[in-house]
Amino acid sequence: MRLNRHAILFLILIIAFPASAFSADGGKIDDYLKKVDTWITTDTTRILSFIDSCNTQTTEYLKSSKYWDETETDLSFLLGIDYVGSSRIDNTGRIYFNMRITGESEALFYTDEPMGWPRQLTPNNWTDEGLTISRYYVHPSGDYILVLVNKFGDEMHDIWYFSRDGKFRPLLESRTTRYAGVMFDEDNKDEFYLYADNMKEVHFAHYSISGAKLDTIYHESGAVYPMDYYKGKILFIRALSFSESQIAMLDLDSGNVTDLSDVSLFWGGAFTKNGGIIALTKVLSEEDEFMKFCMLDPDRPKEFEVVYDPGREVDDYTFSRESGVTVATLNKDGYSELSAFNLKGKELKTPEPGIGVIGGVYMNDRNDVVYDFASPTTPPASFMFKVGKKDVHQIGEVSTFGFDFSDIEVKVIHYKSDDGWEIPALLYVPKNARKDGSNPAIVSYHGGPPGQSQPYFQRNIAFALSRGFIMLFPNVRGSTGYGPAYEQADNLEGRFASLIDCERALDYLINEGWSRPEKIAIWGGSYGGFVVNWLSAHAPEKFACAVSIVGVSDVDHTNQNSSQVFAAGWEREMGPIGSDLTHKLSPIFDAENVQKPILVTAGFNDPRVPPSDPRRFAIVLSKLDKPVWYYE
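As the structure is a prediction and not an experimental result, all values here were calculated from the model.

### Considerations on the pairing of strand 31 (residues 441-445)
Then, in step 1: Along strand 31, 5 of the 5 residues are buried, which leaves the element largely enclosed by surrounding structure.
Then, in step 2: Covered by surrounding structure in strand 31 are Ala441, Val443 and Tyr445 together with Ile442 and Ser444, the residues of both alternating faces.
Then, in step 3: Sheet analysis places strand 31 next to strand 32 (residues 470-474), joined by 3 bridges and oriented parallel. Of the residues in strand 32, the one forming a bridge with Ile442 is Met471.
Then, in step 4: Sheet topology places strand 31 next to strand 33 (residues 520-525); 5 bridges connect them, and they run parallel. Paired with Ile442 across the two strands is Ala521, which belongs to strand 33.

Have a look at this one:
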C-alpha cells in the first residue's frame, strides 16, 4: 500500500509537536463497545455525522500546524505521470496499460508499438462519477476488452465492455455482487465465464455478450475461484486458508466435479493445449521447499509430475496455451528475476531487468511479454520483450518528480527476534545519516498477513527521504518470499512471535543508533494497520506516533462483518471466532495501554476490513482520553 498525503503529513507534523485528543469519559472497554455496537454498523445518519465530525477535526488539526504550508506546498508539486503499469498485449501486438496523473484515477490506454503515442480508452468523467479501474481482461484477438470497475471504492467490480474501436457500455453492474475472474471461450468470442461473489458465497457464471444474459452454472460453499476455462471445462481452486488449497475441475456438460488433488497449496493453474494441466503448487515440495510447477493429467487425478523447480518463491507468472511457454517472476530476497520455460522444463532466454521489482507479467500467443518494473532509481513503468531474446523495449515513461534515489542507500538487513529467528528487512538510509539517534524514522508494516515489502519507487517515500527520514520495511514471520515454512510461521499462536518480530524492528533502529523513540513513527495498512494498532497498545514507549490505515483492531468483529467467503481462511490464520486467541490478538481490548498519538483511518466501502472496526477503535480510544484522530 502507498503512504497517502494525510498519512505523510501526520507523520511529519506529529513528531514536531505534541497532540491533544477528543474529549472523553471513563469506563470499561466492553461497556463502550456495547453502546457503540447499537449504531456503528446500522445507523447511517449517525455514522455519516460521526465521519463528518471526525474528518473535519482531523483536517483542522493538521492545518493548524506551523509546518502545514511548507509541507503541503512540497507535496503539491508532485504532479505528473506517476504510474504506468498493469500492462497487457493481445495477439495483434497492441499493448494496453493503465496510466495515472498524480492525484487522479488511472485510465486505460493502448499503443500499437513501444513508446508510441498512447490513446485513451476509458473516459475522463469516470473520476467525477466515482468509478475506478480495478483490473481488465484483453480478449486474445484484440477485438474487445473487459474492464472491471469499482464505484466509490466498493470493490464490487462491475464489468464494462470496450470494443477495439473504442465504443463502450456496461455489461454487469451491482453494488451487492462482486464480478471477477473473467475467462474467455477461445472458440466463441461472444461468451465468457466468470465468478460472482455476493459476500456470502461464490457462484461460477456464464455470460453471453450478444444476449446480455448471465447464467449461474455452479456453486459450492466456501472460497472457490475459477482459474481457467477450456473446451467445456473449468479449472478451479478451493481456498481453505492462506496456506491450504485444493484444485478441482468442473465438466460443464455433465456437471461433475473431479477433485484433482488432496489439500496442499496451489497458486494458480491452466489447461494446456492437449487438455493437461500445469499448476504452481506445493504438492511435490518438502516442508522447507518452495512451490514448483507441476503437470497433471485430469484422467489421472493426484498424479503430479514436476516440470520446473524455480528454487525460489514465484511472485507472478503467465502461461501461453498456444506455445506452451511459461514466464515467471522469481523473488530473490525482495528483488525480482525473470524465468521462462516450456512444458518439457527447458529454460528459455529472458532479459535481466536489474535490481528492482517486477509487479506483473503477461504474455500473448506469440510469446511477446509485457511486464511492470520499478526500482529505487526507476519509477514504475512498463516494458516488453520476446521470449528467447534479451532485448527489452520500454513502453512508457514516468516522471521522477525531481527526486534522485542515488543518494539513498538501500540495504537488505537482518535483525534477531527473541527466539533467534533472523528477520529480513529493507532499510533506506540517506547517505549523510549518522548513527547518533538524531534521524527521524518511519517503520512501515506490510499488509496481508501474507505479503512482502519490496523496494519499489514511490514518490511519497522519496518525499519522506528528501526530508531526512530513514525508512525500515520489516518482512516478519508470515511474509511471502521466504518459503512456505516462513509464511505459515505466524498462524494461530505463532502470531505472537510474529508481533514480537514487528516490535524488534523498532529496537533495531534504536540499538543501531539510527534513531530514538521520540523520532520514530510507525505506519501500516490493513494487516499492517493491525500491527500498528497492536504496537500502539503493547510497545508505546518505542515510538512517537502511529498511522493505522484501515487496520484491524477486533479480529472477531472484522471476520464477522467482512466477506464471509474468507471467514474460514481467516479463522485458520487468526483463530476461531469467539476464542481466547482472537480476543488476545485484538488490540482494541488493550486500548487502555495506548499512549502515543495515532491517526486511525477507514474506507467507507472497504469489503475486507469493515469500516466499523476502525470506527469502534477510534471511539474506544477517545472515550479513554487517548490522543487519537480519525479520518474516513
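Now, onward.
### Focus on the sheet that holds strand 14 (residues 233-239)
Then, in step 1: Pairing within the open sheet is antiparallel, and its 4 strands lie in the order 13-14-15-16. Both edges of this open sheet fall to strand 13 (223-230) and strand 16 (257-259), since each of them pairs with a single strand only. Taking the axes of each pair of neighbouring strands and ignoring which way they run, one obtains an average angle of 25° across the sheet.
Then, in step 2: Pairing analysis gives 7 bridges linking strand 13 to strand 14, with the strands arranged antiparallel.

### Details of the sheet that holds strand 32
Then, in step 1: Strand order across the open sheet formed by 8 strands is 29-30-32-31-33-34-35-36, with mixed pairing between neighbours. The open sheet has two edge strands with one neighbour each: strand 29 (408-416) and strand 36 (628-631). Strand-to-strand twist in this sheet, taken as the mean axis angle between neighbours without regard to direction, amounts to 20°.
Then, in step 2: Relative to strand 32, strand 30 (residues 422-430) runs antiparallel, the two sharing 4 bridges. Each bridged residue has a counterpart across the sheet, and for Ala425 the counterpart in strand 32 is Pro474.

### What to know about the pattern of salt bridges
Then, in step 1: Within the structure shown, the criterion is met by 41 salt bridges.
Then, in step 2: When the shortest N-O distance is used, the salt bridge between Arg238 and Asp259 registers 2.9 Å. Separated by 21 residues along the polypeptide, Arg238 in strand 14 and Asp259 in strand 16 bring together distant segments of the chain.
Then, in step 3: What makes Asp259 partly exposed here is its relative accessible area of 35%.

### Some remarks on unusual backbone geometry
Then, in step 1: In this structure, the amide linkage connecting Gly448 to the following residue, Pro449, adopts the cis form with an omega of 10°.
Then, in step 2: Note that Pro449 resides in the loop between strand 31 and helix 5 (459-466).
Then, in step 3: The phi dihedral of Met115 falls on the positive side, at around 65°, and the residue is not glycine.
Then, in step 4: As for its placement among the helices and strands, Met115 is situated in the loop between strand 3 (107-111) and strand 4 (119-120).

### A closer look at the pairing of strand 30
Then, in step 1: Of all 9 residues in strand 30, 8 are buried, a share of seventy percent or more.
Then, in step 2: With 9 bridges connecting them, strand 29 and strand 30 associate as antiparallel partners. Counted as the bridge partner of His414 is Pro424 from strand 30.
Then, in step 3: Between strand 29 and strand 30, which pair antiparallel and follow one another directly, the connecting turn spans 5 residues, one of which, Gly420, has a positive phi of 95°.

### Points about helix 12 (residues 612-623)
Then, in step 1: Taking 1.5 Å per residue as the helical rise, helix 12 with its 12 residues ought to reach 16 Å, and the 16 Å between its terminal C-alpha atoms agrees with that figure.
Then, in step 2: Burial within helix 12 is extensive, with 11 of its 12 residues counted as buried.
Then, in step 3: Restricting attention to buried positions, one finds in helix 12 the residues Ser612, Asp613, Pro614, Arg615, Arg616, Phe617, Ala618, Ile619, Val620, Leu621 and Ser622.
Then, in step 4: Packed against the buried residues of helix 12 are helix 2 (29-36), helix 3 (44-63), helix 8 (527-538), helix 9 (555-561), strand 35 (598-601) and strand 36.
Then, in step 5: Positioned one or two residues after helix 12, Asp625 has a phi angle of 65°, which is positive.

Rules used throughout
- Residues numbered from 1 in each chain as written.
- Predicted model: local features only at pLDDT ≥ 70, side-chain atom pairs only at ≥ 80, totals over all residues.
- Heavy atoms only, no water.
- Buried < 20%, exposed > 50% of the residue type's maximum accessible area, 1.4 Å probe, protein only.
- Helix = DSSP H or I, 4+ residues; strand = E, 2+ residues; numbered from the N terminus.
- Pairing = 2+ DSSP bridges.
- Axes fitted to C-alpha atoms, helices over the stretch in contact; angles between N-to-C directions.
- Salt bridge = Lys/Arg side-chain N within 4 Å of Asp/Glu carboxyl O.
- Expected span 1.5 Å × (residues − 1).
- Contact = heavy atoms within 4.5 Å.

None of this, on its own, says anything about what the molecule does.
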